[in-house]
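The residues making up each chain are set out below.
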Amino acid sequence: MISERYRERPMRWMTTVELCEHFHITRSTLNRKAKKHDWKSKYEPHPQGGRRKLYAVPEEQIDMETEPEPEPVQEPEEHEEPESVSAEVPALMDETIPDLRPKHNEPMHYQEQAHLRAQLCDEVLDVLSRADSKTEAWKTIVDAYNDRRFMPELYVVEGHRGERTLRRWVRTYVEGGRNARSLMRSYTVAEATRKVTDTEQNFLLHLLLSPNRVAVGSAIRKLKQMETLEKLESPSSERTLRRWCEEWRDSHKPEWNLLRNGKKSLKETGILSVLRSDDIEVGDVWVADGHKLAFDILDPATGKPRRMMMIMFFDWASRYPVGASLAVSEDSQHILLALRNGIMHWGGRPKYVYFDNGKAFRSKLFNKQWEKHDLSKELEGIFPRLGIGVAFAKAYNARAKVVERFFRT
């Protein structure tokens with residue numbers, strides 16, 4: 001039954017698509033709007049098949065939404081500012097401040113998959129460079145791959161692939177400068193839908209990231225006071241602003257602790273570096289750690305079976321084990337042997353080594369400053385002599401070392 005008020009007003013039947021385009025709103029907003037104004041609806045066959053929904057919208061509402069009357073501009077009244085509120089508004093952007101927006105890292109299995117693809121491309125390019133007939137070589141490579149005779153670990157991840165796909169991988173790898181990241185699958189992270197304007201974000205960060213250690217609630221109250229004084233606009237609610245501040249704090253803990261509490265607090269909280277793994281090049285940082293094997297080996301000294309300790313140097317960026325040694329326990333001699341094996345196998349030295357917090361890894365043989373000592377009397381400070389930086393992991397924090405993932409510990 002038609003409402004009484006529709007009998008006195010002319011109406012226009014419009015589809016949902018026309019109404020959404022007319023009012024610049026979504027379908028869910030249109031449904032709420034139709035329910036609020038009690039619009040009558042009906043269904044009719046769609047010209048392209050199926051059916052479509054129409055609403056009976058009063059003409060006056062359409063005209064009112066289309067041509068709004070300009071409201072008179074009112075001059076803001078004079079307000080006396082409270083003593084606790086400053087009339088200065090921080091700059092919206094300072095070029096000297098680094099970009100602290102969160103960076104989304106690709107999942108680990110995407111990185112491992114890209115490295116496997118790169119390994120396949122290197123092997124294919126090597127085979128093609130020595131082949132007399134590239135057509136026959138490609139056919140042999142594709143057959144060997146799909147039969148799991150060539151790169152079976154990649155076949156487990158990728159499955160059956162044709163020659164066209166393998167050629168595309170090789171072409172992309174070469175065009176990307178033989179960088180494994182060029183073969184990584186596209187990974188997009190849904191951006192947060194929290195509606196906090198840039199003005200609000202900069203104002204809150206200006207207050208929160210300071211040695212004064214302003215509380216989140218105090219910063220939000222000052223922002224709302226500035227809105228009351230008409231110094232800036234703040235359309236977000238206090239609850240939304242608090243959630244945004246807490247999310248920013250949790251995703252930027254190094255910056256939060258450094259700018260609010262100083263370097264001492266940054267070290268005490270166990271955050272060792274602001275450097276991200278994406279900024280590390282292959283071969284720059286090696287991670288060293290020891291792991292007791294899960295099987296017995298005959299001890300060459302006693303001839304009895306025992307579980308040996310594997311000491312490994314692991315490249316951070318490529319997740320590649322560069323050098324290792326077997327020992328009864330973690331001692332300086334076998335750590336030095338693992339380092340020697342890694343340098344000889346890799347063909348170069350790393351810039352930094354990230355060590356375990358164990359006693360053997362803190363030996364003066366490796367990290368003691370050697371300038372004031374006579375090297376002919378004692379061999380000290382191997383890493384300072386080689387020009388390699390050293391950092392130690394926090395105690396009881398195994399997740400700080402990527403090599404633990406290789407050991408599955």
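Only a predicted model underlies this, so the values are computations on that prediction, with no experimental measurement involved. (Residues numbered from 1 in each chain as written. Predicted model: local features only at pLDDT ≥ 70, side-chain atom pairs only at ≥ 80, totals over all residues. Heavy atoms only, no water.)

1. Observations regarding the nonpolar core
Here is step 1 of the chain: Residues Leu120, Val124, Tyr145, Phe150, Met151, Leu154 and Trp169 are the most contacted members of the largest nonpolar core, which totals 23 residues.
Here is step 2 of the chain: Looking at this core, the elements with two or more residues in it are helix H4 (108-130), helix H5 (134-146), helix H6 (152-158) and helix H7 (163-175).
Here is step 3 of the chain: Looking at this core, the element that brings in the most residues is H4, giving 7 residues.
Here is step 4 of the chain: Those residues in contact with Leu154 that lie beyond four places of it in its chain are Gln113, Leu116, Arg117, Leu120, Tyr145, Gly159 and Trp169.
Here is step 5 of the chain: One finds Leu205, Ile220, Leu232 and Trp244 within the second-largest nonpolar core, a separate group that totals 18 residues. (Core = buried A, V, L, I, M, F, W, Y, C linked by side-chain atoms within 4.5 Å. Buried < 20%, exposed > 50% of the residue type's maximum accessible area, 1.4 Å probe, protein only. Helix = DSSP H or I, 4+ residues; strand = E, 2+ residues; numbered from the N terminus. Contact = heavy atoms within 4.5 Å.)

2. Digging into helix H2 (residues 27-37)
Here is step 1 of the chain: Listed as buried for H2 are Leu30, Lys33 and Ala34. Buried residues along H2 cover an arc of 100 degrees about the axis, so they all sit on one side. Within H2, the exposed residues directed more than 90 degrees away from the buried face are Arg32, Lys35 and Lys36. (Arc of directions from axis to C-beta.)

3. A look at the packing of H4 against H7
Here is step 1 of the chain: The interhelical angle for the contact between H4 and H7, taken along N-to-C directions, is 95 degrees, at an axis separation of 9 Å. What the angle tells us is that H4 and H7 run roughly perpendicular. In this structure, H4 uses Arg117, Ala118, Leu120, Cys121, Asp122, Val124 and Leu125 to contact H7, whose residues at the interface are Leu166, Trp169, Val170, Tyr173 and Val174.
Here is step 2 of the chain: Looking at the contact of H4 with H7 residue by residue, the class counts come to 10 nonpolar, no polar and 2 charged. (Axes fitted to C-alpha atoms, helices over the stretch in contact; angles between N-to-C directions. Parallel < 35°, antiparallel > 145°, perpendicular 65-115°, else oblique. Nonpolar A, V, L, I, M, F, W, Y, C, P; charged D, E, K, R; others polar.)

4. Side note on the pairing of strand E2 (residues 40-45)
Here is step 1 of the chain: Where E2 and strand E3 (residues 51-58) come together, 6 bridges link them in antiparallel fashion. By the bridge assignment, Ser41 is partnered in E3 with Tyr55. (Pairing = 2+ DSSP bridges.)

5. Quick notes on the sheet that holds E2
Here is step 1 of the chain: Spatially, the 3 strands line up as an open sheet ordered E1-E3-E2, and their pairing is antiparallel. Looking at which strands have only one partner, the edges of the open sheet turn out to be strand E1 (11-15) and E2. Averaged over all pairs of adjacent strands, the angle between their axes in this sheet comes to 30 degrees, without regard to strand direction.
Here is step 2 of the chain: Examined bridge by bridge, E1 and E3 share 5 bridges and lie antiparallel to one another. Within the sheet, the bridge partner assigned to Met14 lies in E3 and is Tyr55.
Here is step 3 of the chain: Lying over the sheet, helix H1 (residues 16-23) contacts E1 and E3, oriented at roughly 100 degrees with respect to E1.

6. A look at H5
Here is step 1 of the chain: For H5, built from 13 residues, the straight-helix expectation of 18 Å at 1.5 Å per residue is met to within 8% by its first-to-last C-alpha distance of 18 Å.
Here is step 2 of the chain: Residues of H5 that are buried: Ala137, Trp138, Ile141, Val142, Ala144, Tyr145 and Asn146.
Here is step 3 of the chain: Residues of H5 that are buried make contact with H4, H6 and H7.
Here is step 4 of the chain: Just downstream of H5, Arg148 is the residue with a positive phi angle, here 65 degrees. (Expected span 1.5 Å × (residues − 1).)

7. Let's talk about the pattern of salt bridges
Here is step 1 of the chain: Within this structure, the stated rule accounts for 11 salt bridges.
Here is step 2 of the chain: In this structure, Lys224 and Glu227 form a salt bridge, with 3.8 Å as the shortest nitrogen-oxygen distance. Of the two residues, Lys224 and Glu227 both sit in helix H9 (residues 216-228), 3 residues apart, roughly one turn of that helix.
Here is step 3 of the chain: Judged by its relative accessible area of 31%, Glu227 is partly exposed. (Salt bridge = Lys/Arg side-chain N within 4 Å of Asp/Glu carboxyl O.)

8. Comments concerning the pairing of strand E4 (residues 285-298)
Regular strands have side chains that alternate between both faces of the sheet.
Here is step 1 of the chain: Bridge count for E4 against strand E7 (residues 352-355) is 3 bridges, and the pairing is parallel. Considered in E7, the bridge of Val285 is made with Tyr352.
Here is step 2 of the chain: As paired strands, E4 and strand E5 (residues 305-315) are joined by 10 bridges and run antiparallel to one another. Within E5, the residue paired with Val287 across the bridge is Phe314.
Here is step 3 of the chain: With antiparallel pairing between neighbouring strands as the criterion, E4 and E5 make up a hairpin whose turn holds 6 residues, including Gly303 at a positive phi of roughly 80 degrees.

9. Details of the confidence of the model for the chain
Here is step 1 of the chain: Averaged over every residue, the pLDDT of the chain is 76; residues scoring 70 or more account for 70%.
Here is step 2 of the chain: Confidence, read as mean pLDDT per element, is least for helix H14 (residues 364-367) in the chain (51) and greatest for H5 (93).
Here is step 3 of the chain: With pLDDT under 50 throughout, residues 66-71 is counted as low confidence; its partners more than four residues away or in other chains account for 1 contact. (pLDDT = per-residue confidence, 0-100.)

10. A look at unusual backbone geometry
Here is step 1 of the chain: A positive phi angle, near 55 degrees, is found at Met151, a position not held by glycine.
Here is step 2 of the chain: For Met151, the location among the structural elements is in the loop between H5 and H6.
Here is step 3 of the chain: Taking relative accessible area as the criterion, Met151 reaches 6% and is therefore assigned buried.

11. Let's talk about the side chain of Glu200
Here is step 1 of the chain: With respect to the helices, strands and loops of the structure, Glu200 is situated in helix H8 (residues 198-208).
Here is step 2 of the chain: Within the buried core, Glu200 has no salt-bridge partner, and the shortest N-O distance to an opposite charge, that of Lys224, equals 4.7 Å.
Here is step 3 of the chain: In this structure Glu200 touches Lys195, Leu223, Glu233, Ser234, Pro235, Ser236 and Leu241, once residues within four positions along its chain are discounted. (Lys, Arg positive; Asp, Glu negative; His and termini not counted.)

12. Thoughts on the packing of H4 against H5
Here is step 1 of the chain: Running from N to C, H4 and H5 cross one another at 145 degrees; their axes reach a closest spacing of 10 Å. H5 is crossed by H4, and the crossing has right-handed handedness. Taken together, the residues of H5 that come into contact with H4 (itself represented by Leu120, Val124, Val127 and Leu128) are Lys134, Ala137, Trp138, Ile141 and Tyr145.
Here is step 2 of the chain: Partitioned by chemical class, the residues of the contact of H4 with H5 number 8 nonpolar, no polar and 1 charged. (Left-handed = near helix turned anticlockwise from the far one by under 90°.)

13. Some points on the side chain of Thr16
Here is step 1 of the chain: Locating Thr16 in the fold gives a position in helix H1.
Here is step 2 of the chain: Setting aside chain neighbours within four positions, we find Thr16 in contact with Arg27, Leu30, Lys53 and Tyr55.

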